[in-house]
Each structure stands twice: as structure tokens, then as C-alpha cells.
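So the chains spell out like this:
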Amino acid sequence: MLQGKKILLGVCGGIAAYKVAFLTRLLTKSGAEVRVIMTEDAVDFISPLTMATLSKNPVIQSFIKDQTSGTWENHVELGLWADLFVMAPATANTISKMAYGQCDNILLATYLSAKCPVMLAPAMDLDMYAHPSTQKNLSLLQGYGNMILEVGDGELASGLSGPGRMAEPEAIITKIETFFKKKSSLKGIKALVTAGPTYEPIDPVRFIGNHSSGKMGYAIAEELANRGAEVALVSGPVHLDLKNPRVQITKVQTAIEMLEASKKVSGEADIMIMAAAVADFRPDNPATEKIKKSSTNLPKITFEANPDIAATLGKSKKKNQILAGFALETENEEANALRKLKEKNLDLIVLNSLKEEGVRFGSESNKVTIYTRDNKKLKFELKNKKAVAADIVDAILGLKQ
């Protein structure tokens, strides 16, 4: 499973560092190429000689490789070399520094330079792990796209018992194998994603729009691409950028432009996810010149309906295509979502409610419930949108064909 994979292993200073010897052995036995970076404190718990012997590569401990010659360790090159950067154990101190971009050792410098995905296996005492600052830091790191492994629950070095133990090496190996399996799970699949708001012109200066940031749709597009799919992202006006060679972005302004751009690629799409917050209506006769302000003669604007993009694609959907939509509701949430699921010929609908605590336009988090065509209801806790995107893609892949 891991044959030929390049794993960069970051070891921090904690008692759980002794487990990394077993993890390294498991990685090399699985065929992975392993390079190890250790912090200054880590060497107090396990020797660099042990890690070098098990990894079959010299251990990296500082920026300077050779004091005599003045040669240095290229942390940028390390981050480019790896297919995956695994931090185990990840201590509270290092987690805090990672969350806020501090850089006082080569491990942190490599993390900040890394282009590869990053996986953390936290390890600390239960009170440190439960502290709000640690939980906030972990949430921030997850929001940056890092994968956070669950801690174990049991006896700790302090003598206390509870959550905080580093995941066992066998569990970490399973997570790494799952990661690489997911990375290629959508290879050969084409996907269409819509994201962001639409702006419907009143005149050349003003428009009707909404507060959508596009973050959810962009996160979904990135998740699909990270699993190997070729993604066509049709985006309304947002202040976001996504640089992924598997994502082609088409930028539009209005609902009609979004529909036309979506129709151009929908015929070849295997998966279509309508995450955009499309305006339901538009001014029926937008002015060709800027409407002048007047306190005595206020403009009267009449509207006409915009096309329903999800419903339009649902009518022409082929048997082998999957179509997912979104429902943002403020009342009768479940009933309205289920109605849309059926009326628009969707295979899956994602419900968010503005009444949920922590859910608001422009935020980094979301709390969703997913309803599927085969009568499944999947309810999730509040998560950052990258994690929500993974849940949505998992739900789509779980649909019965």
C-alpha cells in the first residue's frame, strides 16, 4: 500500500516519542521511504541513532548540516520531497507554534514550507489536551487543511488517566494508508461544482446579491481534486483563490451565466455539486445607465425569476450521474430540504440552518445534515468547512449506484 511513498516524519519532545520507533519500522516495512526531523527536545526521549537506523536515512536536527563546511539542511526541499508530512508525537507547544506561524526550529520551518498534506498525532496530558487554547489551535490547524488524528484514552505519563495518548503506531499506519487510498479514489472522475453568490444587476453600478463567501464550494472542489477528480468549478464573484492543477475555474457574475457555464460541462460530469447560493430572482429591466439618487423619485424595481440551476440539471441528469444540492433554511428545515431533494431530482442534499450556533455567512465552519435519495440522514457536528467538504464527498461516494 505504501510502496514508494515518501513520508517525512516530524518527532517532537514528548514521552510518546518512543512509539515513533515502531511507527518508523512499520512504515519502512510497508515500502515507504522515510526521512526524520527531530526537535531539540525530542532527542531527550529517543536517540537520533535509533531513528536513523530504523529509517535508513540520516536524522535532521538543525538548519546546519556541517559546521565545518557551512552546509545547511534545505527545509524547502524537504517539504517538496514528501508525499505526506506526519508529525508524531505533536506536542502542545509545537501545535501552538504551528497554529500561529512561529518558526524557531527546522521542524517548524519545514512545516511552513511544505507543499504536501500534513497529518498530526497529538500527544499530551489530559488537561493540556482539554484546554480551550489547545482545542482552538487544533481547530485552526484543521482549518488550514491539516489532518488531526484522534488521541487515545488511557493512562498517561503523569499517572492520570484520560484522553491525550498518541494514537498507536498501527492506527497511524491505517490512517496513512486510508489517506493514500482516498487520494486516488476519484481518479478518472469528472466533477462540476458551483460556488459563491450571483450578482444580478440593477444598473451598471448596483446589484442584488447575497452574503455567500464561496468557501464551502471551494473546499468541496479542493477535496474532490485531492482525491484525484478533474474538477470544473463555476464560481460567482468571491475573494478566494484555489491553485490546484485538477481544478479549472470559470468565473461568472449572474445566475444565467452560471447556468450556461454549468451546462457546458455537465454532460461529461460524473458528479455535480451545486454549492452556489444562486439569487432566486433578478431585476427584470436593469438600467443601462446609473440610476441617479433622488429623495422625491425613488426607483421602483420589479423582478423576474432566475433559473433554478440544480433543477435544470436534474431534469437532464443521466442515470450514471450524481447530483447534489444545498438547502439554506430558516424554518421547517428538514421538510423543505426533503421537498427540494425530490422536486429537483437530486441524489443528495446538504442542509444548513442559520439558526445553528457558530454558523454564519463568511465563517470558516459549518454544521450540516445530509439527506440522501436512499433515505439516509447523516447529521454532523460543527466543523471547519474543509472537514465538512470531506464528509460531503464521503456521503456522495457512499450512495448506492
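Residues numbered from 1 in each chain as written. Predicted model: local features only at pLDDT ≥ 70, side-chain atom pairs only at ≥ 80, totals over all residues. Heavy atoms only, no water.

Description of the sheet that holds strand 14 (residues 247-251)
To keep it simple, the criterion reads: Here a strand pair is declared whenever DSSP counts at least two bridges between the two strands. Where helices and strands are cited, they refer to DSSP runs of H or I of at least four residues and of E of at least two residues respectively, numbered from the N terminus. Axis angles are defined between N-to-C directions and span 0 to 180 degrees, where every axis is a line fitted to C-alpha atoms and, for a helix, only to the segment in contact. Any two residues whose heavy atoms approach within 4.5 Å are treated as being in contact.
Strands sit in the order 14-13-10-15-18-19-21-22 across an open sheet of eight strands; the sheet is mixed. Two strands in the sheet have a free side with no partner beyond their single neighbour: strand 14 and strand 22 (377-379). Each neighbouring strand pair of the sheet contributes to a mean axis angle of 15°, computed without reference to strand direction. Here four bridges tie strand 10 (residues 190-195) to strand 15 (residues 271-274), and the two strands are oriented parallel to one another. If you follow Leu192 over to strand 15, its bridge partner there is Met272. Where helix 11 (residues 309-316) meets the sheet, it contacts strand 10, strand 15 and strand 18 (322-329), and its direction lies at approximately 160° from that of strand 15. Docked against the sheet, helix 13 (residues 385-397) engages strand 15, strand 18, strand 19 (348-353), strand 21 (368-372) and strand 22, running at close to 10° with respect to strand 21.

Section: the nonpolar core
Put simply, the rule is: To form a nonpolar core, buried Ala, Val, Leu, Ile, Met, Phe, Trp, Tyr and Cys residues must be joined to one another through side-chain atoms within 4.5 Å. For every residue, the accessible area (1.4 Å probe, protein chains only) is compared with the maximum for its type, and the residue is labelled buried under 20%, exposed over 50%, or partly exposed between those bounds.
The biggest cluster of nonpolar side chains holds 35 residues, and the ones touching the most others in it are Ile220, Leu224, Val231, Ile273 and Ile392. Sorting the residues of this core by element identifies strand 10, helix 9 (215-226), strand 13 (230-235), strand 15, strand 18, strand 19, strand 21 and helix 13 as the ones contributing at least two each. If you tally residues by element for this core, the top one is helix 9, at seven residues. Ignoring any residue separated from it by four or fewer positions in sequence, one finds Ile220 in contact with Val193, Ile273, Ala275, Phe326, Ala389 and Ile392. Listed in part, the 32 residues of the second largest apolar core include Val11, Val59, Ile173 and Ile176.

Digging into the sheet that holds strand 5 (residues 84-90)
In a beta sheet, neighbouring strands are held together by backbone hydrogen bonds and run either parallel or antiparallel to one another. Pairing is parallel in the open sheet, where five strands are placed in the order 2-1-5-6-7. Of all strands in the sheet, those bounded by a partner on one side alone are strand 2 (33-38) and strand 7 (147-148). The sheet contact formed by strand 6 (residues 118-122) and strand 7 spans two bridges and is parallel. Bridging from a neighbouring strand, Met119 pairs with Met147 of strand 7. Across the sheet, helix 5 (residues 106-113) lies against strand 1 (6-11), strand 2, strand 5 and strand 6, angled at about 140° from strand 5, the strand it touches most.

Some remarks on the environment of Ala275
Summarising the element assignment, Ala275 is placed in the loop between strand 15 and strand 16 (281-283). Its relative accessible area of 14% is what places Ala275 among the buried residues. Here the alpha-carbon distance between Ala275 and Pro237, two residues 38 residues apart in the chain, equals 14 Å. Setting aside chain neighbours within four positions, we find Ala275 in contact with Thr194, Ala195, Gly217, Ile220 and Phe326.

Thoughts on the packing of aromatic side chains
Cut-off, in case you're wondering: A pair of Phe, Tyr and Trp rings is counted when the ring centres sit within 6.5 Å of each other, with Trp represented by its six-membered ring. The angle between the planes then sorts it: under 30 degrees is stacked, over 60 is edge-to-face, the rest tilted.
All told, the structure shown has three aromatic pairs when counted by the stated rule. On the numbers, 4.9 Å between centres and 70° between planes, the contact of Phe179 with Phe180 is edge-to-face. When the centroid spacing of 5.2 Å and the interplanar angle of 70° are considered together, the rings of Phe281 and Phe303 count as edge-to-face. Taken together, the residues Phe281 in strand 16 and Phe303 in strand 17 (residues 303-305) connect sequence positions 22 residues apart. Accessibility expressed as a relative area gives 42% for Phe281, which makes it partly exposed. Taking relative accessible area as the criterion, Phe303 reaches 40% and is therefore assigned partly exposed.

Looking at the pairing of strand 9 (residues 161-165)
Pairing analysis gives four bridges linking strand 8 (residues 152-155) to strand 9, with the strands arranged antiparallel. Looking at strand 9, one finds that Asp153 is bridged to Pro163. Counted along the chain from strand 8 to the antiparallel partner strand 9, the turn is five residues long, and its residue Gly159 has a positive phi close to 100°.

Focus: the pattern of salt bridges
Definition in use: Salt-bridge detection follows one rule: a side-chain nitrogen of Lys or Arg within 4 Å of a carboxyl oxygen of Asp or Glu.
Under the criterion given, the structure shown has 18 salt bridges. Salt-bridge contacts for Asp104 lead to Lys97; the nearest nitrogen and oxygen are separated by 2.6 Å. Classification of Asp104 by relative accessible area gives partly exposed; the value is 48%. On the basis of relative accessibility, which here comes to 14%, the residue Lys97 falls in the buried class. The residue Arg206 makes a salt bridge to Asp203 at a minimum N-O spacing of 2.5 Å. Under the relative-accessibility criterion, Arg206 is labelled partly exposed at 34%. Residues joined in a network through salt bridges with shared partners are Lys182, Glu223, Arg227 and Asp394.

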